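# Descriptive structure summary
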Amino acid sequence: MIVTPRFVFLHLHKSGGTFVNAGLMQHIAGARQLGYHLPRSMLPAQYAALPLLGLVRNPWSYYVSWYSFQRSRPRPNALFQALSNGGALDFAGTIRNMLNLERDTALLDRVLAALPAAYINQGLNLPSVALAPIRGSGLGFYSFLYRYLYGPDVTAVRLARMEQLRVEVPPLLESAGEPVTSALRDYMSTAPALNTSEHAPHRQLYDAELAQLVAERDRLVIERHGYSF
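Everything numeric here is computed off the predicted structure, so don't read it as measured data. Sequence order sets the numbering: in each chain, residues are counted from 1 along the sequence as written. Given that the model is predicted, a residue must reach a pLDDT of at least 70 before its local features are reported, and side-chain atom pairs must reach 80 or more before they are shown or counted; all residues, however, enter totals for whole chains, interfaces and linings. To get the side-chain values, take all heavy atoms of the structure and skip hydrogens and water.

## Notes on the overall build of the chain
A tally of helices and strands in the chain yields 11 helices and five strands. For 229 residues, the compact-globule estimate of 2.2 N^0.38 gives 17 Å, and the chain sits close to it at 17 Å. Principal axes of the C-alpha set define a box for the chain whose edges measure 50 × 35 × 35 Å. Accessibility here uses a 1.4 Å probe with only protein chains present; expressed as a share of the type maximum, an area under 20% marks a residue as buried, one over 50% as exposed, and anything in between as partly exposed. Looking at the 229 residues of the chain, the share that counts as buried comes to 51%. Note on contacts: a residue pair is in contact if any heavy atoms of the two residues lie within 4.5 Å. For the chain, the share of sequence-separated contacts (at least 6 apart) that also reach a separation of at least 24 residues comes to 71%. Summed over all atoms, the accessible surface of the chain reaches about 10400 Å², with 52% contributed by carbon and sulfur. Strands here mean DSSP runs of E at least two residues long; helices mean DSSP runs of H or I at least four residues long; both are numbered from the N terminus. C-alpha atoms define the radius of gyration, and 2.2 Å times the number of residues to the power 0.38 defines the globule rule. Every accessible area reported is derived by Shrake-Rupley at a probe size of 1.4 Å, with residue values counting cover from the shown protein chains alone.

## Let's talk about the side chain of Thr4
For Thr4, the position within the fold is in the loop between strand E1 (2-3) and strand E2 (8-9). Overall, the relative accessible area of 4% leaves Thr4 in the buried class.

## Thoughts on the nonpolar core
Counting 56 residues, the largest nonpolar core has Tyr63, Leu131 and Phe141 as the members making the most contacts within it. For this core, the element with the highest residue contribution is helix H7 (residues 141-150), accounting for eight residues. Not counting chain neighbours up to four residues away, the residues in contact with Leu131 comprise Leu101, Leu108, Val111, Leu112, Leu115, Leu126, Phe141 and Phe144. Residues Phe19, Ala176, Leu184 and Ala191 belong to the second largest nonpolar core, which totals 22 residues. Remark: nonpolar core denotes a set of buried residues (Ala, Val, Leu, Ile, Met, Phe, Trp, Tyr, Cys) joined through side-chain atoms within 4.5 Å.

## Some points on the pattern of salt bridges
Take a side-chain nitrogen of Lys or Arg and a carboxyl oxygen of Asp or Glu: if they are within 4 Å of each other, that pair is a salt bridge. Under the defined criterion, the tally for this structure stands at eight salt bridges. Among the ionic pairs, Arg40 bridges to Asp153, the shortest N-O distance being 3.0 Å. In this pair, Arg40 sits in the loop between strand E3 (32-33) and strand E4 (52-56) while Asp153 sits in the loop between H7 and strand E5 (157-161), placing the two residues 113 residues apart along the sequence. For Asp153, a relative accessible area of 38% corresponds to the partly exposed category. Salt-bridge contacts for Arg185 lead to Glu174; the nearest nitrogen and oxygen are separated by 3.1 Å.

## Focus on the layout of surface pockets
In this approach the atoms are scanned with a rolling probe the size of a water molecule, which exposes any empty space left behind. Points on a 1 Å grid over protein atoms alone make up a cavity when a 1.4 Å probe fits among them but cannot get out, and a pocket when they form an open set with protein on both sides within 12 Å along at least five of seven lines; lining residues each have an atom within 4 Å of a point. Grid points are joined across faces, edges and corners, and a volume is the space filled by probe spheres set on the points. The calculated volume of the largest pocket comes to roughly 720 Å³. For the largest pocket, the lining is made up of 37 residues, of which His13, Lys14, His37, Phe69 and Asn195 are closest to its centre. Residues of the lining of the largest pocket, tallied by class, amount to 15 nonpolar, 17 polar and five charged. Just so you know the grouping, Ala, Val, Leu, Ile, Met, Phe, Trp, Tyr, Cys and Pro go in nonpolar, Asp, Glu, Lys and Arg go in charged, and all remaining residues, Gly too, go in polar.

## Describing empty space enclosed by the protein
Within the structure shown, the criterion is met by one cavity of 30 Å³ or more. Looking at the largest cavity, its volume works out to about 70 Å³. Together, His11, Leu12, His13, His37, Leu124, Asn125, Leu126, Leu145, Tyr148 and Leu149 line the largest cavity.

## Comments concerning the side chain of Ser143
For Ser143, the location among the structural elements is in helix H7. Residue class for Ser143 comes out buried when judged on its relative accessible area of 0%. A distance of 2.8 Å separates the side chain of Ser143 from the side chain of Asp218, its partner in a polar contact. Apart from residues no more than four positions distant in its own chain, Ser143 is found in contact with Arg217, Asp218, Leu220 and Val221. A 3.5 Å cut-off defines polar contacts: any pair of N or O atoms within that distance qualifies, except that in protein one atom must be a possible hydrogen donor and the other a possible acceptor, and neighbouring residues in sequence count only when both atoms are side-chain atoms.

## Brief notes about the sheet that holds E5
The mixed open sheet is built from five strands, whose spatial order is E3-E1-E2-E4-E5. Where the open sheet ends on each side, the last strands, each with one partner, are E3 and E5. Strands pair, by our definition, only if DSSP identifies at least two bridges between them. Pairing of E1 with E2, which is carried by two bridges, proceeds in the antiparallel orientation. Looking at E2, one finds that Val3 is bridged to Val8.

## A short note on the packing of aromatic side chains
Note on aromatic contacts: the rings of Phe and Tyr and the six-membered ring of Trp form a pair at centre separations within 6.5 Å, being stacked when their planes are under 30 degrees apart, edge-to-face when over 60 apart, and tilted otherwise. Scanning the model with the defined rule gives 11 aromatic pairs in all. Seen from their ring centres, Phe19 and Tyr187 are 4.8 Å apart, and the 20° between their planes marks the pair as stacked. Separated by 168 residues along the polypeptide, Phe19 in helix H1 (residues 17-27) and Tyr187 in helix H9 (residues 182-190) bring together distant segments of the chain. The pair Phe19 / Tyr187 is uniform in exposure class, with both members buried. A centroid spacing of 5.2 Å and a plane angle of 90° characterise the contact between Phe91 and Tyr206, whose relative ring orientation is edge-to-face. In this pair, Phe91 sits in helix H4 (residues 91-99) while Tyr206 sits in the loop between H9 and helix H10 (208-217), placing the two residues 115 residues apart along the sequence. For Tyr206, a relative accessible area of 9% gives the class buried.

Take a look at the structure:
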């Protein structure tokens, strides 16, 4: 998370946060980073009254980005290794496991055993104790992260959509009382994207069954933010 004198920015995984973090750290006086991908529940009490800002992404797009990024890494993370059966499964098989993690007891136990026991402030930074409540939640992985990061009362967090972040983030900052300088506005408009991966448009990678599974498991995010396949 990024703490500034006027607001707190919470960084949801693979949702444009790296790009926004960099802009805030470069162009807002007094901005500082506290941990990495830490949830709202870990915000120090002295900042609790500040406005909370964040980003959200189309879940269908999130799963493609996550899979493509991990598949391209020389050493994919422990979550990917467990869900993909050591890289043996393709996109559909891996993401189906990810979407069914909340109800597949044996798979979830293997994933939890592979994750770190505490926060490590790098990568996904999701220890086993933080992921364990997904069990029986009925949520897809992205919707679980969304609720975990922003808290159960997500309406208290002001969100911009990743797909329109260059346009939506400046007024989001202004809504929290942060003047958007010309330098920050220029960064948001022209700086290259960060932490990206190469992949086909997400619609090309889903069959009808898997697309419907995302619609069911990630209904929380899809309906709240008006996303569609």
